[in-house]
Amino acid sequence: MNKAELLAKLSQRKPKVVKLECDGIGTVFIREMSGTQRDLFEIDLQEADLKATSVRAILVCKHLCDESGELLGFTDAEREQFADAISGAELDRMFDACRELSGMVEDHEGN
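Presented here is a report on the structure given in the accompanying data block. (Residues numbered from 1 in each chain as written. Predicted model: local features only at pLDDT ≥ 70, side-chain atom pairs only at ≥ 80, totals over all residues. Heavy atoms only, no water.)

1. Quick notes on the environment of H63
With respect to the helices, strands and loops of the structure, H63 is situated in the loop between α3 (55–61) and β3 (64–65). Along the chain, H63 and G73 lie 10 residues apart, while their C-alpha atoms are 9.1 Å from each other. (Helix = DSSP H or I, 4+ residues; strand = E, 2+ residues; numbered from the N terminus.)

2. Notes on the state of the cysteines
Per the counting criterion, the structure on display carries 0 disulfides. Cysteine C22 is unpaired, with the sulfur of C98 as its nearest cysteine sulfur at 9.6 Å. Look at C22 and you get buried, because its relative accessible area is 5%. With no disulfide of its own, C98 lies closest to C61 among cysteine sulfurs, the gap being 9.0 Å. (Disulfide = S-S within 2.5 Å. Buried < 20%, exposed > 50% of the residue type's maximum accessible area, 1.4 Å probe, protein only.)

3. Some words on the side chain of S102
Examined against the element boundaries, S102 turns out to sit in the segment after α5 (88–101). For S102, a relative accessible area of 11% corresponds to the buried category. When residues no more than four places from it in sequence are discounted, the contact partners of S102 are E32, M33, R38 and H63. (Contact = heavy atoms within 4.5 Å.)

4. Describing the nonpolar core
Counting residues in hydrophobic clusters, the biggest one holds 22 residues, and the most contacted among them are L20, I30, L59, V60, L64, F82 and M94. Where this core is concerned, the elements lending two or more residues are β1 (17–22), β2 (26–31), α3, α4 (76–85) and α5. For this core, the leading source of residues is α5, giving 6 residues. Among residues more than four places away in sequence, those in contact with L64 are V28, F29, I30, L71, L72, F74, F82 and M94. (Core = buried A, V, L, I, M, F, W, Y, C linked by side-chain atoms within 4.5 Å.)

Printed below as a string of C-alpha cells:
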C-alpha cells in the first residue's frame, strides 16, 4: 500500500464507539481517541492543575459521545461537575473502558 492509499483508507475510517451500561445513569457511549486526541490529552495532563482536577474524569469526558460518535464536548466546569456527581466506582469502570478502547493499557503478556 502506498502513502495515498493509506491516507485514503484512514480518512474513511470511523472511530470505534462502545456502549456502556452504568448503574444509576443508564446507557452512555464512549469513542476511541485518534492519535492526535491522545497526544492532546497527554499535553493537557502536563498542563493541568492536578490538585484541582480529576485525571479519571478528564479522560472519560474526552471519550463520552452520543450514539453516533459525536463527542459531548465537556467544558472544564462541566467536567468538574461530572466528577463531583459520579460515584468513584462508576468513574473507575468508565475510566478503565476508555483506557482499553484507546490503547492505554499495558499488555501483560510481554508485548
